[in-house]
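One letter stands for each residue in the lines below.
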Amino acid sequence: MKDLEPVHVPVTLSVTRTGESGKSTITKQMRIIHINGFNMRERTEKICDIRKNIKESIVVLLLAMHQLQIPLECEESVKSRDFILKEAGNPDIHRTSEFLDHAEKLWNDPGVQACYSRSHEYQLIDCAKYFLDKLHEIKSPAYIPSDQDILRCRCMTTAIQHIEFEVPDGGNHIKFDVYDVGGQQGERKKWIQVFDSVTAILFVVDCSSFDQTLREDPEKNRLLEALENFDQVWNNRFLKYVSVLLFINKIDILAEKIARGRDISELTKKYPDIFPDFDKFNPSASEKLQFLEAFPYQDTEPRKKSRTASRSDVHPDTVKTAVYIKHLFMKIVKGELNLKKRITKQERNWHDEHSCEYFYTCAIDTNNVQRVMNGCRTLIIQNHLRRFGII
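Rules used throughout
Residues numbered from 1 in each chain as written. Predicted model: local features only at pLDDT ≥ 70, side-chain atom pairs only at ≥ 80, totals over all residues. Heavy atoms only, no water. Helix = DSSP H or I, 4+ residues; strand = E, 2+ residues; numbered from the N terminus. Buried < 20%, exposed > 50% of the residue type's maximum accessible area, 1.4 Å probe, protein only. Contact = heavy atoms within 4.5 Å. Expected span 1.5 Å × (residues − 1). Phe/Tyr/Trp six-rings, centres within 6.5 Å; stacked < 30°, edge-to-face > 60°. Salt bridge = Lys/Arg side-chain N within 4 Å of Asp/Glu carboxyl O.

Novice: Teacher, can you tell me more about the side chain of Lys46 here?
Specialist: Considering the arrangement of structural elements, one finds Lys46 in helix H2 (residues 40-68). The buried category is assigned to Lys46, whose relative accessible area is 18%. With residues up to four places along the chain from it excluded, the contact list for Lys46 reads Pro145, Ile150, Cys153 and Cys155.

Novice: Could you clarify how one ought to interpret the environment of Ile47 in this entry?
Specialist: Examined against the element boundaries, Ile47 turns out to sit in helix H2. For the pair formed by Ile47 and Cys153, sequence separation is 106 residues and the distance between their alpha carbons is 9.3 Å. With residues near it in sequence (within four places) discarded, Ile47 still touches Tyr143 and Pro145.

Novice: Even after reading the chapter, I still don't get helix H13 (residues 316-333), so can you show me in this structure?
Specialist: Because each turn of an α-helix spans 3.6 residues, side chains separated by three or four positions end up pointing in the same direction. Along its 18 residues, H13 runs 26 Å from first to last C-alpha, staying within 8% of the 26 Å computed at 1.5 Å per residue. With 14 of 18 residues buried, H13 lies mostly within the body of the structure. Trailing H13 by a residue or two, Gly335 shows a phi angle of about 80°, which is positive.

Novice: Any chance you could explain the packing of aromatic side chains here in plain terms?
Specialist: Within a pair of aromatic rings, the relevant descriptors are the distance that separates the centres and the angle that separates the planes. One pass over the structure, following the stated rule, counts twelve aromatic pairs. Ring geometry for Phe247 against Phe359: centres 5.9 Å apart, planes inclined by 75°, an arrangement best described as edge-to-face. Taken as a pair, Phe247 in strand S5 (residues 243-249) and Phe359 in strand S6 (residues 356-360) lie far apart in primary sequence, 112 residues in all. Here Phe247 and Phe359 have matching classes, each one buried. With centroids separated by 5.5 Å and ring planes inclined at 75°, the aromatic side chains of Phe281 and Tyr324 adopt a geometry described as edge-to-face.

Novice: It is not clear to me how the environment of Cys356 should be interpreted in this structure. Could you clarify?
Specialist: Topologically, Cys356 is positioned in strand S6. Judged by relative accessible area, Cys356 falls into the buried class, the value being 10%. In this structure, the C-alpha to C-alpha distance between Cys356 and Leu202, residues 154 residues apart in sequence, is 9.9 Å. The contact partners of Cys356, leaving out residues within four places of it in the chain, are Phe230, Trp234, Val244, Leu246, Met330 and Val333.

Novice: What is the right way to look at the pattern of salt bridges in this model?
Specialist: Oppositely charged side chains are able to pair whenever their charged atoms sit close together. One pass over the full model with this rule turns up 24 salt bridges. Across the salt bridge formed by Lys250 and Asp126, the nearest N and O atoms sit 2.2 Å from each other. Of this pair, Lys250 sits in the loop between S5 and helix H10 (251-259) while Asp126 sits in the loop between helix H5 (110-116) and helix H6 (128-133), and the two are 124 residues apart along the sequence. A relative accessible area of 31% places Asp126 in the partly exposed class. Here Glu287 and Lys326 are joined by a salt bridge, their closest N and O atoms 2.8 Å apart. With a gap of 39 residues between them, Glu287 in helix H12 (residues 285-294) and Lys326 in helix H13 connect regions that are remote in the sequence. Taken together, the shared-partner salt bridges in this structure form one network comprising Glu20, Glu56, Arg215 and Arg222.

Below you can see the structure in the form of structure tokens.
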């Protein structure tokens, strides 16, 4: 029997206004899962970007040490600091072994580590620790980036990235078009180019960003910006027939922050009308279970056969914070939180033609993303068929 013609399913990936939410990483995961990943040429080309990430990270750390008045603790680190800062303006210094040697010495200095522990106070890319910890490996002439290295590598999205692939579904092959658009404020004007006739929007939010501000606006909290942008997308009159898949992303980094003592309750004091009292918030057992089932297992943590709303490797406040953030976004969906202060009142059935489903994601974990995308796929296909009156 001849296969049916592929159903064309255009999907716009991630329209979160704040950058660094992990949307491009999820696009990379789609390549790994559906398009055979990355070839050797693409891997070797990423070495330069990885070294640039290292340069940016170590320079930011050194500048932050000066700003926060944190001294180096090893006398031999002073020479390395002076070299890095002197060569910071050299666009090719990251290519040299000398630079990487100095960066590695500095990263091992307890003063630099103390500065890293306060990284919520300045702008440091998420992959800083990952690549600085791997400097010995990256310095090797034989180094070839792994899938995980490519997933972690940070490159700002300034142009619309497009990938397409097919997935099997019910004996048919469904064709997906995925567009990755820039998340910074200056990139928003490009979004409209890919909104026409899309089936769904994947809105990716960094749930670990509750204690950070925007690069573009040091006075604006990143999580608040994401909430405001989500409000605009969900209530946009041009998108009232387009469903939203909300990815509550970077749950792994959220766990790391909670372990370091960070607390979202600070936002309650600053924005009480938007962020309800975190201390009084109590997620249900089913909400806890839903998060824990999404949270990746570490190699050292045995998987439990029975479903349980607790795990020894996940701090209870990590679960509570993630579910709390989910509630904030779903309050917008339910019309209980109006951040845009719309003058014209919406009709009661305004949102009947689209829906919002949420998922907890860890963009660097392929198994997690694959499970989530499998769950999204059916929703996307149903939306596509419903849009054309097939179901």
